[in-house]
Number of protein chains: 2
Amino acid sequence: MDRNTPAGSEARRANVVGLGLIGGSVALALSARGWTVTGEDADPDRVDAAVLMGAIAAGGLDPDASLTFVATPASAVPDLVKQALASTSGVVTDVASVKAPVAAAVTDERFCGGHPMAGSELDGLDGADAAMFEGAVWVLTPTAATSDTTFATVARVVSDLGAEVVALPPERHDALVAVVSHVPHLAAAALMTMADERAEEHAALLRLAAGGFRDMTRIAAGQPGLWIDICAENRPAIVDALDALVDRLGQLRRAVADDERDVLLTELTRARDARINLPGRVAQSADMAEVRTTIPDRPGAAAEIFTLAAELGVNVTDFEVYHSAEGQRGVLILLIDAAQSDLFRGGLLARGFRPSVRHLS
Amino acid sequence: MDRNTPAGSEARRANVVGLGLIGGSVALALSARGWTVTGEDADPDRVDAAVLMGAIAAGGLDPDASLTFVATPASAVPDLVKQALASTSGVVTDVASVKAPVAAAVTDERFCGGHPMAGSELDGLDGADAAMFEGAVWVLTPTAATSDTTFATVARVVSDLGAEVVALPPERHDALVAVVSHVPHLAAAALMTMADERAEEHAALLRLAAGGFRDMTRIAAGQPGLWIDICAENRPAIVDALDALVDRLGQLRRAVADDERDVLLTELTRARDARINLPGRVAQSADMAEVRTTIPDRPGAAAEIFTLAAELGVNVTDFEVYHSAEGQRGVLILLIDAAQSDLFRGGLLARGFRPSVRHLS
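Residues numbered from 1 in each chain as written. Chains lettered and ligands numbered in written order. Predicted model: local features only at pLDDT ≥ 70, side-chain atom pairs only at ≥ 80, totals over all residues.

Here we look at the overall build of chain A
Defined as follows: Numbering of helices and strands runs from the N terminus, with a helix taken as a DSSP run of H or I at least four residues long and a strand as a DSSP run of E at least two residues long. As a reference, a globule follows 2.2 Å times the number of residues to the power 0.38, and the radius of gyration itself is taken over C-alpha atoms. To sort residues by exposure, count the other C-beta atoms lying within 10 Å of each residue's C-beta; 20 or more gives buried, 12 or fewer gives exposed, and values between give partly exposed, all with C-beta atoms placed from the backbone.
Within chain A one finds 12 helices and 12 strands. The C-alpha radius of gyration of chain A comes to 22 Å, within 12% of the 21 Å expected for a compact globule of 361 residues. Taken over the C-alpha atoms alone, chain A extends approximately 70 × 55 × 35 Å along its principal axes. Here chain A holds 361 residues, and the buried ones make up 53% of them.

Written as structure tokens, this is what we have:
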């Protein structure tokens, strides 16, 4: 499939603001693909280190960059996004773990929020890895203000870094990550602290911690400061999900206490089946279909199509956007699993698009 | 260090009753070390498969085996341990995840319960692995009835399989594994089911599950049947630990809801420090000390010394037991980290032993 670079292939210049674990990885991955990356960080030593390791070509903010990634702690993101919009002519995205506050603070057709669902318990530039996003999901959270070109530019670049794009409204993203990331992290911390407390009474306790416990508590080694910001920014969704978890643990507690083996069997079997069926990193199906649809003359249509795909559970393997020279009207071509093509076509028709589907197998 | 095989090196014959994941791994590991292993299973096809893969030499129960491992589901363990004690002249151990019920059901100087803190989400003989116990902790739960020879025989063999022996009273073991294994498993199941339920509303949810969520829920893929038995057998300790977890999650929930950043910082920092300091698989220190003590003329003295080591957090790297020809009196030699030798010596003196310590570095 041909690649479409809205800003032109001569403009492979990017900024990365914030050179920590994620920003450093983005910079390394872009540089490895031939981009000229300029970078900033609150810590000047880190900028020097990023130049030394080849993550960025120079410190500063390149006004001609076609794309700027803001990868700082969440609380600094809105101001730095606005600054990048003012200082550069290109598109701006961020990688904060909570999306609604950024979306509320920044309304600009050149901004599209994002969140790569990748990382490690490592910390800072030293843990950066050019391969971090390969096969990972990268959520984009376009709003009504986000232009199609902006969405397509960000989606194209993160796809090129090896990530699978999933488009979601910001609030939806925040509710979902509370369940699959934020509350699991708090649960890991609770399990670890509980074990640590009891270890004061018996030194052997932590030596009994086998692989399962290690796996479960690994994320508790993450930066407390980052997590406190996340808890503050995504408060309602986290409180909801914590309530749901406590409720479910209470049900399990009653089932154990009352020896309700049927209840336990149902719960544990459901959990087992769900875990076994958890989708893995992107695996391309043998049978693909190409879905082609004109994008009507209104902003956000491309983003709407990606968001619909996410809602329907349709995995977009690759895509292209063609715009006519005179304006917003264009064609979006998506590559999806052939088995999902009817489902996706139905959804597109229901939303007023006119898709055509071609099976490629 | 010389190896002491209480039953004599000519008697390297063992039984393994129950040829699943753990039993199969024990059989493979023993066979790889030159033992003649005889095995039984409720499923005759599994016995044939174990012979074919070289885990056991033959099916059945060898009456001359110096050691029998009972590795069946927990509910069958007490009867099969008694049967092995009646049918063989050797020592018997088991690998059940809960130890107090077995200890209560079997009072015999030739029995010492055990629990290897190893495994995988794989299931059955196909997942068996001769290297499963290398570097793992193997808890032994001797009681007042267990003779020194029995304890030393089991401890010697599981050490030879690469495991680190930690001796604990059965009830203590059960309380500790509720915290580091059973309740984490239930929490993993609760997180997985909660995510699965919400995924019905939004298909994208499970695609957002990154490495942290995958790590946390991996153990939820375990056999529900085994876990229901564990919940029944370790009910009081599991209910206690679940209450403690729910309580702690409730505190975190309040801290998030009320934006108590100090409380969150304290909790998350403690969890992080504890996770980073979680002891890894056995790593031998450079500076070792040899602790030598006579074992007085009373049963269970060797087990008492190992239990004391576990209580003090002292890691026993290797050990030997010498018995005088005429009876119970003997010498126990333990290899420990030199940095812990004063601590251990203090404990031994307090319990009436007369240790001597020699630094080996």
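Considering helix H2 (residues 44–52) of chain A
Residue and element names in this part refer to chain A. For the record, the criterion: By arc we mean the arc of the directions from the helix axis to the C-beta atoms, nothing more. Contacts are defined on C-beta atoms placed from the backbone: any two residues whose C-beta positions lie within 7 Å are in contact.
For H2, the complete set of buried residues consists of Arg46, Val47 and Ala50. The arc that holds every buried residue of H2, seen down its axis, measures 105°, which confines them to one face. In H2, the exposed residues that point more than 90 degrees away from the buried face are Pro44, Asp45, Asp48 and Leu52. Looking at the buried residues of H2, the elements they touch are helix H1 (21–32), strand S2 (36–40) and strand S3 (58–59). A positive phi of about 80° marks Gly54, the residue just after H2.

Quick notes on the packing of helix H5 (residues 148–160) of chain B against helix H11 (residues 301–312) of chain B
Residues and elements named next belong to chain B. Put simply, the test is: To obtain each axis, a line is fitted to C-alpha atoms, and for helices this fit is confined to the stretch in contact; angles are then taken between N-to-C directions over 0 to 180 degrees. Oblique is the label for every angle not falling under 35 degrees (roughly parallel), over 145 degrees (roughly antiparallel), or within 65 to 115 degrees (roughly perpendicular). Polarity classes work like this: nonpolar for Ala, Val, Leu, Ile, Met, Phe, Trp, Tyr, Cys and Pro, charged for Asp, Glu, Lys and Arg, and polar for all others, with Gly in that last group.
Two elements in contact, H5 and H11, have axes whose closest approach is 7 Å; the angle formed by their N-to-C orientations is 50°. Comparing the axis directions of H5 and H11 gives the class oblique. Every residue of H11 that contacts H5 at Asp148, Phe151, Ala152 and Ala155 is listed here: Ala301, Ala302, Ala303 and Phe306. Here the residues of the contact of H5 with H11 are counted per class, giving 7 nonpolar, no polar and 1 charged.

What to know about the sheet that holds strand S1 (residues 13–17) of chain A
Adjacent strands of a sheet pair through backbone hydrogen bonds, lying either parallel or antiparallel. All names here are of chain A. Filter applied, for reference: Pairing between strands is defined by DSSP: at least two bridges between them are needed.
Sheet architecture is open: 5 strands sit in the order S3-S2-S1-S4-S5, paired in parallel fashion. In this open sheet, the two edge strands, each paired with only one partner strand, are S3 and strand S5 (91–94). Sheet topology note: the strand S4 (residues 67–70)/S5 ladder contains 4 bridges and is parallel. When the sheet's bridge partners are listed, Val70 is paired in S5 with Asp94. Here helix H5 (residues 148–160) sits on the sheet in contact with S4 and S5, set at roughly 60° to S5.

Quick word on the domain arrangement of chain A
The test is simple: The split into domains, and so the bounds of each, comes from an automatic or database assignment of domains.
When cut into domains, chain A gives domain 1 (9–168), domain 2 (174–276) and domain 3 (288–359). Relative to domain 3 of chain A, the C-alpha centre of domain 2 of chain A lies at a distance of 38 Å.

Description of the interface of chain B and chain A
Each partner contributes residues to the interface: chain B has 85 residues there, and chain A has 85 residues. Among the secondary structure elements, those contributing two or more residues to the side of chain B that touches chain A are strand S7 (137–141), helix H6 (170–199), helix H7 (211–217), helix H8 (224–233), helix H9 (235–257), helix H10 (261–276) and H11 of chain B. Broken down by element, the side of chain B that touches chain A gets its largest block of residues, 20 residues, from H6(B). Partitioned by chemical class, the residues of the side of chain B that touches chain A number 58 nonpolar, 9 polar and 18 charged.

As for the relation of the copies chain B and chain A
Selection rule: Overlaid copies result from least-squares superposition on C-alpha atoms, with residues included only where pLDDT is at least 70 in both.
Laying chain B over chain A is done by rotating through 180° and shifting 0.0 Å along the axis; what remains is an RMSD of 0.1 Å. This pairing of chains is accounted for by a two-fold axis. Taking the C-alpha atom as reference, chain B places Met216(B) closest to the rotation axis, 2.0 Å from it. In this assembly the copies share their binding face: 100% of the residues contributing to the interface of chain B also contribute to that of chain A.

With respect to the pairing of strand S9 (residues 288–295) of chain A
Residue and element names in this part refer to chain A. Judged from the 8 bridges that link them, S9 and strand S11 (residues 330–337) form a sheet pairing that is antiparallel. Bridge pairing links Ala289 to Ile336 in S11. In this sheet, strand S12 (residues 356–359) lies alongside S9 in antiparallel orientation, the contact comprising 4 bridges. The residue of S12 that forms the bridge with Arg292 is Ser356.

Here we look at helix H10 (residues 261–276) of chain A
Residues and elements named next belong to chain A. This is how it is decided: In this analysis, the expected span of each helix is defined as 1.5 Å times one less than the number of residues it contains.
With 16 residues, H10 extends 22 Å from end C-alpha to end C-alpha; this agrees with the ideal 22 Å at 1.5 Å per step. All of the buried residues in H10 are Leu264, Glu267, Leu268, Ala271, Arg272, Ala274 and Arg275. The buried side chains of H10 occupy one side of the element, clustering within an arc of 165° when seen end-on. In H10, the exposed positions angled more than 90 degrees off the buried face are occupied by Asp262 and Ile276.

As for the environment of Ala118(B)
The residue Ala118(B) is located in the loop between strand S6 (113–116) and S7 in this model. As for Ala118(B) and Phe133(B), which are separated by 15 residues in sequence, their C-alpha atoms are 6.4 Å apart. Residue contacts for Ala118(B): discarding those within four places in its chain leaves Ala210(A), Met132(B), Phe133(B) and Ala136(B).

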